[in-house]
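Listed below are the residues making up each chain.
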Number of protein chains: 2
Amino acid sequence: MHRLKPEFTVEIHTIVGAGNFREGEAVAMIDYGVAPENLDAGAVVLPGTTGEVAAIVQCCRAHGVPLVTHGGRTGLVGGGMSKSGELVLSTARLNRILHLCPVERVVVVEAGVTLQALQVAAAEHRLEPGIDLPSRGSATIGGMTSTNAGGISAFRSGVMRHRILGLEAVLADGSVYSDLTRVVKNAAGYDLKHLFVGAEGTLGVITRIAVKLEPQPLATATVLFGLASVDAALETVRRGLDAEYGHLRAAEAVWHSYFRLTSSHHHWSAADYATDHPVNLLMTLGGADETALQSELARIYEDVVAVHPDTSAVIAFSGAQEADLWRLREDTDLIYRQHPGAPSYDVSIPLSQVASYLERCLTDLKAIDAALDPYVFGHLADGNLHIVLNSTGGDIPAEKARAVEEAIYRGIGELGGSFSAEHGIGAKRVAPLSALSNPAKLALMHRIKGALDAPALLNPGKVLGAGRI
Amino acid sequence: MHRLKPEFTVEIHTIVGAGNFREGEAVAMIDYGVAPENLDAGAVVLPGTTGEVAAIVQCCRAHGVPLVTHGGRTGLVGGGMSKSGELVLSTARLNRILHLCPVERVVVVEAGVTLQALQVAAAEHRLEPGIDLPSRGSATIGGMTSTNAGGISAFRSGVMRHRILGLEAVLADGSVYSDLTRVVKNAAGYDLKHLFVGAEGTLGVITRIAVKLEPQPLATATVLFGLASVDAALETVRRGLDAEYGHLRAAEAVWHSYFRLTSSHHHWSAADYATDHPVNLLMTLGGADETALQSELARIYEDVVAVHPDTSAVIAFSGAQEADLWRLREDTDLIYRQHPGAPSYDVSIPLSQVASYLERCLTDLKAIDAALDPYVFGHLADGNLHIVLNSTGGDIPAEKARAVEEAIYRGIGELGGSFSAEHGIGAKRVAPLSALSNPAKLALMHRIKGALDAPALLNPGKVLGAGRI
């Protein structure tokens, strides 16, 4: 095992003080999050200020020690994996909300603040960050910025990149890039904060972020539609966007295999709702008055059923019913309990292509193995589909795994979509990124990495892989 | 005069064909737009395809000829200025709408398509681009991308950067960066399209853009509020954001001197509306039903007047009345007719700081010259203020001009604002950018320019100036 040199660890210790640098057994007590490999470095530093982060980066640079930055360790593609000889920088102590202004509708946080902590603080002023994820309790704003997180509101409020007004980051040379503006309009030179958003810690260490907030609605109402086709579901989404009262807050689709799994596990059923619809669509409206929102959903249903008579609908008439409907979409753990380590994919498809893409893809998967009947669900209003195989991860031979990946990613670039919608590249999607990117884009990514971090000290091997920089 | 060499112009001629390369008198017939200096190069090439753009860039590189890209020539800070020895590339022939899909709510255009042409095409499907500007008839999507245009919808739908899903650009080495995705979620590596957005043609030549569209409302309604203070106006904006019916589409503020100018010129008055309010606020709601929107505006007025009794309001009850109200905000030509070349500034201030910033700034301007009573108006919901001096441009001594600029820009960075909100840097704001930017940000801008365009062929002297790259 490659250990860090004592003269390096002494320096790190001096920077952050006792208790904020951990090695050996003290690391084993830290929650590794999604992947045990996250903490394989066996050395974790917890700075408490931007100045300490800058000093750590300088120290790493002087000693040639690679640095892997960690937020909530909820990443799904190995962006936080580390190995011995590297140092993990945890943002757990950078957890202060520095500024929260209801007049500006802006919050400035340190990178380690969790999404939930931000949501709770904003809700006191009836505000919300315009982005939401199931892992809100652990995911940090720094991590969500580094991975350009998505979630259910992206069709309406954009992805993380679109929520960020300002940003502070420590560069690979230890200098501090400080651009903590709190305004949406800023045309003062290149907007380089966008380099750090979605770079997964390979171009800088994000320390502070200014996030735009939106007013929270006073009430919400939710409906579940059972529909005969993707096209009918997309038409229904447009009706939701055109709501005459309230506004569309979510439009999540659940295809039949996944719906069967969650509805049967939770013994969910409703009168007049057939459970064998090809597509189920969960829509939530926000607005001022709950009853008026429920009436609007009923009106939309009448419009839909006039065109697509084989449509079912259940409107939630209580918070408990609303939660029951959402659980049919969000209880993805059920998949992994049944198929531990099931390979999952996260693609974005332009809406006009979703139906034909899925038909082609599922046919190809069946041809690889007739038993493959993936769970499909996702954010229909923005074309982001999650496809999870009904297979236990370790059981799939490498050749078959490659064929499956090829079937899922085939043609996505030409269609105008993305093979990695919201999970990022991390360690696990390096090969497809290299294979599927426009050559000029890939070359430019390497040139940018070279310009910002020539020694490749920041999260080495991630995104661009271990090759040329 | 530095002329282009014949062997160069012959090559350019060969690339684009007869009629698409213009020199001398043929250039004098082209509309120079906002600044006569835009066409000082005296040589304009009009490519018709991305391939031709790439060939032109390669030819410029081989011959060391700098290239200045032009869209609609509506830029206000000299980003399109050129000089002899340079070649102007006009995107006027890159004017095709390549893809417009109502299911996807996405349009893909060539760079030279005007905003208005895009709006007209989108409106056929009751869609809109989520961005609007008075110069819509000339401003091109390529130019708006290059300058990261703002406008009146930014508080709601973001600036141009937030509307762009995909982008194609020719790099300084002639290679084509192609990332024409049509999805909002794309976490497949560094999102380098954001380098070209707002770079004002210094990092690449943008050739195609995919833009996200939003549903157009069926109806709108507009109100003009007369308010006693900025704080009262900001409270009113929040009430607009919290509308119980419909949604806020615009919240434009007009301070008293500018209001006096436009209202007296247009002989505008309304019963019970005092024309001497410190701040006037124009708000437009969008929704399904015009009468219901007007009632909602009346309800908001009642809520405002209960807290701020000295508030006036006029609700427009016809399209003509709505246009009359908007003219009080948009007829900025009146300023320049009275004060030709009046210096104008374009700042963004965090909303909580707008009142104190303006008070401090106007006091300082009065101290410089008691006759200075600037016209102030702008996008109150996002803090973007336009400040135009009541002085003829040429009349102001250099020293006084510097004092004025200093008074307007002072402390903006520390406040969390921006000294250039939506007009960019161009040729005219290079010195303040250099003086006011975070040093690490400025250094990184130069490093990026060096990594992408080391010979500094693309729009030289703009944004970063003529100094080090």
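About the criteria used
- Residues numbered from 1 in each chain as written.
- Chains lettered and ligands numbered in written order.
- Predicted model: local features only at pLDDT ≥ 70, side-chain atom pairs only at ≥ 80, totals over all residues.
- Heavy atoms only, no water.
- UniProt positions renumbered as here; feature names shortened; annotations may be inferred.
- Contact = heavy atoms within 4.5 Å.
- Buried area = accessible area lost by both parts, 1.4 Å probe.
- Salt bridge = Lys/Arg side-chain N within 4 Å of Asp/Glu carboxyl O.
- Polar contact = N/O pair within 3.5 Å; in protein donor to acceptor, adjacent residues only side chain to side chain.
- Helix = DSSP H or I, 4+ residues; strand = E, 2+ residues; numbered from the N terminus.
- Nonpolar A, V, L, I, M, F, W, Y, C, P; charged D, E, K, R; others polar.
- Pairing = 2+ DSSP bridges.
- Axes fitted to C-alpha atoms, helices over the stretch in contact; angles between N-to-C directions.
- Domains from an automatic or database assignment.
- Buried < 20%, exposed > 50% of the residue type's maximum accessible area, 1.4 Å probe, protein only.
- Parallel < 35°, antiparallel > 145°, perpendicular 65-115°, else oblique.
- Left-handed = near helix turned anticlockwise from the far one by under 90°.
- Expected span 1.5 Å × (residues − 1).
- Arc of directions from axis to C-beta.
- Lys, Arg positive; Asp, Glu negative; His and termini not counted.
- Phe/Tyr/Trp six-rings, centres within 6.5 Å; stacked < 30°, edge-to-face > 60°.
- Least-squares fit on C-alpha atoms with pLDDT ≥ 70 in both.

Per an unreviewed UniProt entry, chain A goes by FAD-binding protein and derives from Shinella zoogloeoides. Its UniProt record, at the heading Sequence similarities (unreviewed entry), says of chain A: "Belongs to the FAD-binding oxidoreductase/transferase type 4 family." The Cofactor (unreviewed entry) comment attached to chain A in UniProt states, word for word, "FAD".

(A) Expanded view of the interface of chain A and chain B. Contacts between the two partners involve 89 residues from chain A, matched on the other side by 89 residues from chain B. Both faces considered, chain A and chain B share a buried interface measuring about 6900 Å² in area, 59% of it formed by carbon and sulfur atoms. Applying the counting criterion to the chain A and chain B interface returns twelve salt bridges. Two residues, K185 of chain B and D382 of chain A, come together in a salt bridge whose shortest N-O distance is 3.1 Å. Our count for the chain A to chain B interface comes out at 40 residue pairs in polar contact (both at pLDDT 80 or more). Elements that contribute at least two residues to the side of chain A that touches chain B include exactly α6 (154–157), α7 (160–163), β9 (176–179), α8 (193–196), α9 (230–241) and α18 (439–452) of chain A. Per-element tally for the side of chain A that touches chain B: the top contributor is α18 of chain A, with nine residues. Along the lines of polarity and charge, the residues of the side of chain A that touches chain B split into 44 nonpolar, 26 polar and 19 charged.

(B) Local environment of the sheet that holds strand β3 (residues 67–70) of chain B. Residue and element names in this part refer to chain B. The strand order β1-β2-β4-β3 describes an open sheet built from four strands, whose pairing is mixed. The open sheet terminates on both sides in strands that have one partner only, identified here as β1 (21–23) and β3. Put simply, the sheet's adjacent strands are angled 25° from each other on average, direction ignored. Two elements, strand β2 (residues 43–45) and strand β4 (residues 87–90), share two bridges in a ladder whose sense is parallel. Within the sheet, the bridge partner assigned to V44 lies in β4 and is V88. Of the strands in this sheet, β1, β2 and β4 touch helix α1 (residues 6–16), which is tilted by about 145° from β1.

(C) Focus on the sheet that holds strand β12 (residues 219–227) of chain A. Residue and element names in this part refer to chain A. Pairing within the open sheet is antiparallel, and its seven strands lie in the order β15-β12-β14-β13-β17-β18-β16. Unpaired on one side and paired on the other, β15 (312–315) and β16 (344–348) mark the two borders of the sheet. Geometrically, the sheet is characterised by an average inter-axis angle of 15° between neighbouring strands, direction not taken into account. As paired elements, strand β13 (residues 247–255) and strand β14 (residues 279–287) share eight bridges and run antiparallel to each other. Counted as the bridge partner of A251 is M283 from β14. Relative to the sheet, helix α11 (residues 290–307) contacts β12, β14 and β15, its axis offset from that of β12 by approximately 20°.

(D) Summary view of the UniProt feature "domain: FAD-binding PCMH-type" (unreviewed entry) in chain A. Those residues carrying the UniProt feature "domain: FAD-binding PCMH-type" (unreviewed entry) are residues 37–216 of chain A in this numbering. Taken end to end, residues 37–216 of chain A has its terminal C-alpha atoms 38 Å apart, with 23% of it in helix and 24% in strand.

(E) Here's a closer look at the domain arrangement of chain A. Residues and elements named next belong to chain A. According to the domain assignment, chain A contains domain 1 (6–90), domain 2 (97–215), domain 3 (219–331) and domain 4 (340–424). The C-alpha-based centres of domain 2 and domain 3 are spaced at 31 Å. With six residues of domain 2 at the contact, the number on the domain 3 side is nine residues. Between domain 2 and domain 3, the buried area comes to about 630 Å², and carbon and sulfur atoms account for 52% of it. When the buried area of domain 2 at its contact with domain 3 is split by residue, I152, F155 and R156 rank highest and sum to 73% of it. Among the ionic pairs, E128 bridges to R249, the shortest N-O distance being 2.9 Å. Counting every contact that joins domain 2 to domain 3 gives two residue pairs in polar contact (both at pLDDT 80 or more). In terms of residue class, the side of domain 2 that touches domain 3 is made up of three nonpolar, one polar and two charged.

(F) Structural detail: the pairing of β12 of chain A. Residues and elements named next belong to chain A. With eight of nine residues buried, β12 is to be regarded as a mostly interior element. Pairing analysis gives nine bridges linking β12 to β14, with the strands arranged antiparallel. Each residue of the ladder has a partner; that of L224, found in β14, is L282. As defined by bridge partners, β12 adjoins β15 across four bridges and the pair is classed as antiparallel. Of the residues in β15, the one forming a bridge with G226 is S312.

(G) The arrangement of the environment of E7 of chain A in detail. All names here are of chain A. Along the chain, E7 turns up in helix α1 (residues 6–16). Judged by its relative accessible area of 46%, E7 falls in the partly exposed class. Through-space distance from the C-alpha of E7 to that of V376 is 51 Å; in sequence the pair is 369 residues apart.

(H) Spotlight on the packing of helix α14 (residues 354–368) of chain B against helix α15 (residues 398–409) of chain B. All names here are of chain B. Contact pair α14 / α15: the axes reach a minimum separation of 9 Å and the direction vectors enclose 165°. The angle between the axes of α14 and α15 places the two elements in the roughly antiparallel class. Every pair of crossing elements has a handedness; the one defined by α14 and α15 is right-handed. Only K400, A403, V404, A407 and I408 of α15 make contact with α14, whose side of the interface consists of Y357, R360, C361, D364, L365 and I368. Its residues assigned to classes, the contact of α14 with α15 comprises eight nonpolar, no polar and three charged.

(I) Focus on helix α14 (residues 354–368) of chain A. Residue and element names in this part refer to chain A. End to end, α14 covers 21 Å across 15 residues, agreeing with the expected 21 Å (1.5 Å per residue, within 8%). If you check which residues of α14 are buried, you get V354, Y357, L358, C361, D364 and L365. Down the axis, α14 shows its buried residues gathered within 135° of arc, on one side only. For α14, exposure combined with an orientation more than 90 degrees from the buried face picks out E359 and A367.

(J) Examining the side chain of E200 of chain A more closely. Structurally, E200 of chain A is set in the loop between α8 and β10 (205–212). Of the side chains bearing the opposite charge, K462 of chain A lies closest to the buried E200 of chain A, which forms no salt bridge; the N-O distance is 8.2 Å. Here the side chain of E200 of chain A touches I425 of chain A through a polar contact of 2.7 Å, landing on its backbone nitrogen. If near-sequence neighbours (up to four positions away) are discounted, E200 of chain A is found in contact with V77, G79, S146, T147, G424, I425, G426, N459 and V463 of chain A together with A187 of chain B.

(K) The arrangement of the packing of aromatic side chains in detail. All names here are of chain A. Evaluation of the coordinates by the stated rule reveals 18 aromatic pairs over all chains. Aromatic side chains Y258 and F377 sit 4.4 Å apart centroid to centroid with 35° between the ring planes, which places their arrangement in the tilted category. Of this pair, Y258 sits in helix α10 (residues 256–265) while F377 sits in strand β17 (residues 375–379), and the two are 119 residues apart along the sequence. Y258 gets classed as buried once you look at its relative accessible area, which sits at 0%. Linked through ring pairs, Y258, Y375 and F377 together constitute an aromatic cluster.

(L) Seen up close, the relation of the copies chain A and chain B. Placing chain A over chain B gives an RMSD of 0.0 Å and needs a rotation angle of 180°, together with 0.0 Å of translation along the axis. This pairing of chains is accounted for by a two-fold axis. Most of the interface of chain A is mirrored in chain B, where 100% of its interface residues are also at the interface.

(M) Structural context of the pattern of salt bridges. Per the stated rule, a full pass over the model turns up 58 salt bridges over all chains. A salt bridge links D179 of chain A to K441 of chain B; the nearest nitrogen and oxygen atoms lie 3.7 Å apart. Highlighted residues: D179 of chain A in strand β9 and K441 of chain B in helix α18 (residues 439–452), drawn from two different chains. D179 of chain A gets classed as buried once you look at its relative accessible area, which sits at 7%.

(N) Structural context of α1 of chain B. Residue and element names in this part refer to chain B. Taken as a whole, α1 has its buried residues at F8, T9, I12 and V16. Buried positions in α1, seen along its axis, are confined to an arc of 90° and lie on one side of it. Among the exposed residues of α1, those pointing more than 90 degrees away from its buried face are P6 and T14. Lining the buried residues of α1 we find β1, β2, α3 (50–63) and β4. Phi for G17, located one or two positions after α1, is positive at around 85°.

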